[in-house]
Amino acid sequence: MEEFGVQEKSYKKVIHYIKMQIRCGELQIGGKIPSERELSEILGISRNSVREAIRTLDNMGIIASQHGSGNFLTGNFENSLAETLSMLFLLNQIGYNQISQLRRALEMEALMLAIDNITEEEIHILIKIISQLEKETEENNVILDKKIHYNIALASKNLLIINILQALSEVVDKFIADLRREILMEKNSKAVLLEAHAGMIRSLITKDKKLAYESINKHFGVIDEKLKNRENKSKKISQKRL
C-alpha cells in the first residue's frame, strides 16, 4: 500500500504522462486515454493512484468518462471554470460588479477580434438574430441576447475568450438569472440595449472599431446601472434589518 506522500506523487505521474502524450501529438481531443490497468503498468504505480488522477482530470474538464467505453480527452475547461467561478462567488470572493467588469473587457476584445476574423456567413447569422429581437417576447429575447454574444465570441476565433465568456454567462444565469429579463422588460433599457446590439453588428459589417468600442460600453452601461441599483437596494434592506 502506498503512503499518502507517495500516492500524491504517483497520481501526478499520470497527469504528467498525459501532458507528454498531448505534447508529442500522441493524444488529441477525442482521443481515448489508456485504461487504469494500462496506466498502472506503464507508469509502475497503483491503480488507486491512477484512479485519483483520472478523477482529478475529470473534475478539471480535461477528460470525460463514457460508460463502457473508457475515458476520452475532451478539453472541456468551460464547465470546470464555471464551477470554480460559482464557488468563488458563493464564498464572497467575487461579486456581480467584478463579473461584469471582466465580461466587459472580454466582450470588448472578442468584438475587436471578430471585426478582423468574422466571415460573411457569421455576419448573416447575427443579422438574422438582431432582426428577431424586436419581434419576440421578453423570454425569447433573453435567448436571442445570449445568442448574439455567443456568436460574436465565436467569430473572435479565440477559444480561451469563448470558454471564459461561456463560463461567466453560466455564473450570471445561475446567480442573477432574472437580470437579462429585467433589463429587457424595461422599455428604456431595452431600447438602449437593442441600439447597442445593433451597433455591435454594424461595427462588424463596416469594420468600425470605434463604433464597436462605443457599443460595448453602451451595453455594459445599462448592466452596470442595473447592478448598482440592486446593490443600493440590498444595502438599504440590510440597514433596515440592523
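Use the structure listed above.
Summarised in this report is the structure supplied together with it. Small disclaimer: the values here were computed from a predicted structure and weren't measured.

### Brief notes about the overall build of the protein chain
Argument step 1. From N to C terminus, the protein chain includes eleven helices and two strands.
Argument step 2. Ordered by position from the N terminus, the helices and strands of the protein chain form the series α-α-α-β-β-α-α-α-α-α-α-α-α.
Argument step 3. Residue burial in the protein chain is summarised as follows: out of 242 residues, 38% are buried.
Argument step 4. For the protein chain, contacts bridging at least 24 residues in sequence account for 68% of all contacts bridging at least 6.

### Let's talk about helix α3 (residues 47–59)
Argument step 1. For α3, with 13 residues, the first-to-last C-alpha span of 18 Å sits near the 18 Å given by 1.5 Å per residue.
Argument step 2. Directly beyond the C-terminal end of α3, a positive phi value near 85° is found at Gly 61.

### Quick notes on the packing of helix α2 (residues 36–43) against α3
Helix-helix packing is described using two parameters, namely the angle between the two axes and the distance between the axes.
Argument step 1. Interhelical geometry of α2 versus α3 gives an angle of 115° and a closest axis separation of 9 Å. Seen along the crossing, α2 lies across α3 with a hand that is right-handed. Together, Glu 36, Arg 37, Leu 39 and Ser 40 of α2 and Arg 47, Val 50, Arg 51 and Ile 54 of α3 make up the contact between the two elements.
Argument step 2. In terms of residue class, the contact of α2 with α3 is made up of three nonpolar, one polar and four charged.

### Some points on the pattern of salt bridges
It is possible for side chains of opposite charge to pair when their charged atoms get near one another.
Argument step 1. Scanning all chains against the criterion turns up ten salt bridges.
Argument step 2. Its salt-bridge partner being Glu 107, residue Arg 103 comes within 3.5 Å of it at the nearest N-O pair. Note that Arg 103 and Glu 107 are positioned in helix α5 (residues 96–117) at a spacing of four residues, about one turn of the helix. The same class applies to Arg 103 as to Glu 107, namely buried.

### With respect to the environment of Val 192
Argument step 1. In this structure, Val 192 sits in helix α10 (residues 187–206).
Argument step 2. Taking the relative accessible area as the measure of exposure, Val 192 reaches 31% and is therefore partly exposed.
Argument step 3. The spatial distance from the C-alpha of Val 192 to the C-alpha of Lys 218 is 7.4 Å, given a sequence separation of 26 residues.
Argument step 4. Among all residues touching Val 192, those that are not within four sequence positions of it are Lys 218 and Val 222.

### Focus on the nonpolar core
Argument step 1. Residues Leu 111, Leu 126, Ile 148, Ile 152 and Leu 204 are the most contacted members of the largest nonpolar core, which totals 27 residues.
Argument step 2. Counting only elements with at least two residues in this core, the list comes to α5, α6 (120–133), α7 (138–156), α9 (179–185), α10 and α11 (209–241).
Argument step 3. The greatest single-element share of this core, amounting to six residues, is contributed by α11.

### Focus on the pairing of strand β1 (residues 63–66)
Argument step 1. Of the strand pairs in this sheet, β1 and strand β2 (residues 70–73) are connected by four bridges, and their pairing is antiparallel. When the bridges of β2 are listed, Gln 66 appears paired with Gly 70.
Argument step 2. Here β1 folds back onto β2 in antiparallel fashion, the turn holding three residues, of which Gly 68 has a positive phi close to 85°.

### Things to note about α10
Argument step 1. For α10, which comprises 20 residues, the first-to-last C-alpha distance of 28 Å matches the rise-based estimate of 28 Å (1.5 Å per residue) to within 8%.
Argument step 2. Listed as buried for α10 are Ser 189, Leu 193, Ala 196, His 197, Gly 199, Met 200, Ile 201, Ser 203 and Leu 204.

### Some remarks on the environment of Ala 114
Argument step 1. Relative to the helices and strands, Ala 114 resides in helix α5.
Argument step 2. Classification of Ala 114 as buried rests on a relative accessible area of 0%.
Argument step 3. Linking Ala 114 and Ala 153, residues 39 residues apart in sequence, is a C-alpha distance of 7.3 Å.
Argument step 4. Other than its neighbours up to four places away in sequence, Ala 114 contacts Ile 152, Ala 155, Ser 156 and Leu 204.

### Considering the packing of α6 against α10
Argument step 1. As a packed pair, α6 and α10 sit with axes 10 Å apart at the nearest point and diverge in direction by 160°. Our classification of the angle between α6 and α10 gives roughly antiparallel. Judged by the sense of rotation from one axis to the other, the crossing of α6 with α10 is left-handed. Contacts from Ile 123, Leu 126, Ile 127, Ile 130 and Leu 133 of α6 reach α10 at Leu 194, His 197, Ala 198, Ile 201, Leu 204 and Ile 205.
Argument step 2. Broken down by class, the residue content of the contact of α6 with α10 amounts to ten nonpolar, one polar and no charged.

Rules used in this analysis
- Residues numbered from 1 in each chain as written.
- Predicted model: local features only at pLDDT ≥ 70, side-chain atom pairs only at ≥ 80, totals over all residues.
- Heavy atoms only, no water.
- Helix = DSSP H or I, 4+ residues; strand = E, 2+ residues; numbered from the N terminus.
- Buried < 20%, exposed > 50% of the residue type's maximum accessible area, 1.4 Å probe, protein only.
- Contact = heavy atoms within 4.5 Å.
- Expected span 1.5 Å × (residues − 1).
- Axes fitted to C-alpha atoms, helices over the stretch in contact; angles between N-to-C directions.
- Left-handed = near helix turned anticlockwise from the far one by under 90°.
- Nonpolar A, V, L, I, M, F, W, Y, C, P; charged D, E, K, R; others polar.
- Salt bridge = Lys/Arg side-chain N within 4 Å of Asp/Glu carboxyl O.
- Core = buried A, V, L, I, M, F, W, Y, C linked by side-chain atoms within 4.5 Å.
- Pairing = 2+ DSSP bridges.
- Parallel < 35°, antiparallel > 145°, perpendicular 65-115°, else oblique.

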